[in-house]
Amino acid sequence: MSYQTQTEVVRVDALRPEPSIIDYAAGLLRAANIVAFPTETVYGLGADVFQPAALERIFVAKERPHSDPLIAHIADEASLELLTTAIPEQAKRLASVFWPGPLTLILPRGPRVPHLVTAGLETVAVRMPRHPVALALIRALGSPIAAPSANRFMHVSPTSAQHVLADLAGRIPLILDGGPCEVGVESTVLDLCAERPTILRPGGVSLEALRTVIADVQPPDPSLRYRKAADTANPAEDDPAAHHSPGQMLTHYTPAVPLLLYDGSAESMRSAMLAEARWRHLQRERVGVLLADEDVAAFQQSGAIVYSLGNSANPAQIASSLFKGLRTLEDARVQVILCRLFDDRGLGLAIRDRLLKAAGGQVIECGRQ
Ligand code: TXA
Ligand code: MG
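Residues numbered from 1 in each chain as written. Chains lettered and ligands numbered in written order. Predicted model: local features only at pLDDT ≥ 70, side-chain atom pairs only at ≥ 80, totals over all residues. Heavy atoms only, no water.

Some thoughts on the overall build of the protein
Then, in step 1: When helices and strands are tallied, the protein shows 13 helices and 16 strands.
Then, in step 2: For the C-alpha atoms alone, the extent of the protein along its principal axes is close to 60 × 45 × 35 Å.
Then, in step 3: A total of 369 residues make up the protein; the buried ones form 56% of that total.
Then, in step 4: Accessible surface computed for the protein: about 14,900 Å², of which carbon and sulfur atoms make up 53%. (Helix = DSSP H or I, 4+ residues; strand = E, 2+ residues; numbered from the N terminus. Buried < 20%, exposed > 50% of the residue type's maximum accessible area, 1.4 Å probe, protein only. Areas by Shrake-Rupley, 256 points an atom, 1.4 Å probe, with all protein chains shown as cover.)

Set out below in structure tokens:
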């Protein structure tokens, strides 16, 4: 596929999607084309799960390696039968509580699922999104939709149609613009084929919430979540988990500019970031700062470009503005981004995970007092 496609952006009602627009998009999918559409987490780049020629277009448009498997999106539980050989009891319980919603389940792969979807694994990732546009599109197509996030490979996920356009203009025929995404981080990926149910990627459904349904859900492997600035030598390719779930490489969400990530008490992070911002400003560097509402006042005279993610006590707000904040600072052509960490309870675990990935797994420790 060449990159010479004209990209059309069509506004669609996020709550009551217009049937004519949905039918138009479904027609493209049926004709083995690809379409970007909103979900409650991030925008997806969809193809009919059973058309390998269409799936191939996803990998070309995103420049995504074939080793990275895709999530199949369904609109009803009956469609699970098309994708998997067995529906574990745990899957049924989780689905009844969290679907439709930001939870992806790893299940045994059914024989009809193309290898392009699963990257040759014996498992398949499935989720039922809750965004009305996504659900309407899957129903209109009459087939599950395979969809990764609609960004170029290694870039942060898109949470608006403008983000998709910035990454994929000229590479895809259609973007359905349903406005900003509500959750703002991707779905939680939960492996139900492991010995114990294990989170591979923290996301829109928290560990705590999952444990209310299945008590022994395991958190993500901590070696993937945390790496101090000192041990930089361990490249992501050597990550054992990278082979099991390739999207979990620490460098996955690299923003276009370097990100320095601060950890510690709110006061110590603020003063360390302020000192760094002032110093770099004196060196005539264009500095971007990602922080919380309560930090903003301290940076007024710093010379940095400041973006507040919201109230640090409100992780849902921080999550929903995180990727927009990173992209806004990139677009402001900053040379470096300084960012603070947040509490890792609830949605905070996903926020921490994305920030660590954007920082190549490194943190700057600055005291807890
Ligand atoms: O919220 C989301 O999950 C969004 C929206 C569009 O639904 N999608 C998304 O897709 O984030 P993507 O492709 O960017 O991330 C899918 C993740 C990757 O980390 C991939 O490695 C993992 O799911 N995954 C997919 N199939 C898998 C499998 N069979 N086993 C383990 N991990 C799998
Ligand atoms: Mg992605």
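The discussion continues.
Focus on the pattern of salt bridges
Then, in step 1: Here the structure, examined in full by the defined rule, presents 16 salt bridges.
Then, in step 2: Where Glu276 meets Arg280, a salt bridge forms, and the shortest distance between an N and an O atom there is 2.7 Å. Of this pair, Glu276 and Arg280 both sit in helix α11 (residues 266-282), four residues apart, which is roughly one turn of the helix.
Then, in step 3: A relative accessible area of 18% places Arg280 in the buried class.
Then, in step 4: Residues Asp343 and Arg345 are paired through a salt bridge, measuring 3.0 Å at the closest nitrogen-oxygen approach.
Then, in step 5: You can call Asp343 partly exposed: its relative accessible area is 44%.
Then, in step 6: Each of the salt bridges in this network shares a partner with another, and the network as a whole consists of Glu186, Asp353, Arg354 and Lys357. (Salt bridge = Lys/Arg side-chain N within 4 Å of Asp/Glu carboxyl O.)

Points about the packing of helix α1 (residues 19-30) against helix α6 (residues 132-141)
Then, in step 1: At their nearest, the axes of α1 and α6 sit 9 Å apart, and the two run at 55 degrees to each other. By the angle between their directions, the pair α1 and α6 is classed as oblique. The chirality of how α1 crosses α6 is right-handed. For the pair α1 and α6, contact is made by Ile22, Asp23, Ala25, Ala26, Leu29 and Arg30 and by Val133, Ala136, Leu137, Ala140 and Leu141, respectively.
Then, in step 2: When its residues are assigned to classes, the contact of α1 with α6 shows nine nonpolar, no polar and two charged. (Axes fitted to C-alpha atoms, helices over the stretch in contact; angles between N-to-C directions. Parallel < 35°, antiparallel > 145°, perpendicular 65-115°, else oblique. Left-handed = near helix turned anticlockwise from the far one by under 90°. Contact = heavy atoms within 4.5 Å. Nonpolar A, V, L, I, M, F, W, Y, C, P; charged D, E, K, R; others polar.)

Re the confidence of the model for the protein
Then, in step 1: For the protein, the average pLDDT comes to 92, and 90% of its residues sit at 70 or higher.
Then, in step 2: A low-confidence stretch, residues 225-243 stays under pLDDT 50, and its non-local contacts, those more than four residues away or across chains, total 31 contacts. (pLDDT = per-residue confidence, 0-100.)

Some details on the packing of aromatic side chains
Then, in step 1: In this structure the tally under the stated criterion is zero aromatic pairs.
Then, in step 2: When the ring centre of Phe50 is taken as reference, the NZ or CZ atom of Arg112 above it lies at 4.1 Å. (Phe/Tyr/Trp six-rings, centres within 6.5 Å; stacked < 30°, edge-to-face > 60°. Lys NZ or Arg CZ within 6 Å of the ring centre and 35° of its normal.)

Focus on unusual backbone geometry
Then, in step 1: Cis geometry is found at the peptide bond from Trp99 to Pro100, where omega equals -5 degrees.
Then, in step 2: Counting through the fold element by element, Pro100 comes out in the loop between α4 (89-98) and β5 (103-108).
Then, in step 3: A positive phi angle, near 55 degrees, is found at Arg333, a position not held by glycine.
Then, in step 4: The exposure class of Arg333 is exposed, given its relative accessible area of 61%.

So, the nonpolar core
Then, in step 1: Counting residues in each nonpolar core, the largest one holds 69 residues, and the members touching the most others are Leu94 and Leu176.
Then, in step 2: With sequence-adjacent residues up to four places away left out, Leu94 is seen in contact with Trp99, Leu103, Leu105, Leu190, Leu192, Leu210, Val213 and Ile214.
Then, in step 3: Residues Val156, Ala292, Ala350 and Ala358 belong to the second largest nonpolar core, which totals 31 residues. (Core = buried A, V, L, I, M, F, W, Y, C linked by side-chain atoms within 4.5 Å.)

So, the environment of Glu89
Then, in step 1: In this fold, Glu89 is placed in helix α4.
Then, in step 2: What makes Glu89 exposed here is its relative accessible area of 52%.
Then, in step 3: The spatial distance from the C-alpha of Glu89 to the C-alpha of Val183 is 27 Å, given a sequence separation of 94 residues.

Observations concerning helix α7 (residues 161-168)
Then, in step 1: Buried within α7 we find Ala161, His163, Val164, Asp167 and Leu168. One side of α7 holds all its buried residues, which, seen down the axis, span an arc of 155 degrees. The exposed residues of α7 that point more than 90 degrees off its buried face are Gln162 and Ala166.
Then, in step 2: Where α7 is buried, its residues contact β1 (8-11), β2 (35-37), β3 (44-48), α2 (52-62), β8 (174-177) and α12 (315-331). (Arc of directions from axis to C-beta.)

Some thoughts on the environment of Asp191
Then, in step 1: In this fold, Asp191 is placed in strand β9 (residues 188-191).
Then, in step 2: Accessibility expressed as a relative area gives 3% for Asp191, which makes it buried.
Then, in step 3: As a C-alpha pair, Asp191 and Arg201 span 10 residues in sequence and 9.4 Å in three-dimensional space.
Then, in step 4: A distance of 3.4 Å separates a polar atom in the side chain of Asp191 from the backbone nitrogen of Ala194. (Polar contact = N/O pair within 3.5 Å; in protein donor to acceptor, adjacent residues only side chain to side chain.)

Concerning the sheet that holds β5
Then, in step 1: Across the sheet, which stays open at both edges, the 10 strands sit in the order β1-β8-β2-β3-β7-β4-β6-β5-β9-β10 with mixed pairing between neighbours. Unpaired on one side and paired on the other, β1 and β10 (198-201) mark the two borders of the sheet.
Then, in step 2: Sheet topology note: the strand β4 (residues 71-73)/strand β7 (residues 145-146) ladder contains two bridges and is antiparallel. Across the sheet, Ala72 pairs through a bridge with Ala146, a residue of β7.
Then, in step 3: The sheet strands contacting α1 are β1, β2, β3, β7 and β8, and the helix crosses β8 at an angle near 150 degrees.
Then, in step 4: Its contacts with the sheet place α4 against β5 and β9, and it is angled at close to 160 degrees to β5. (Pairing = 2+ DSSP bridges.)

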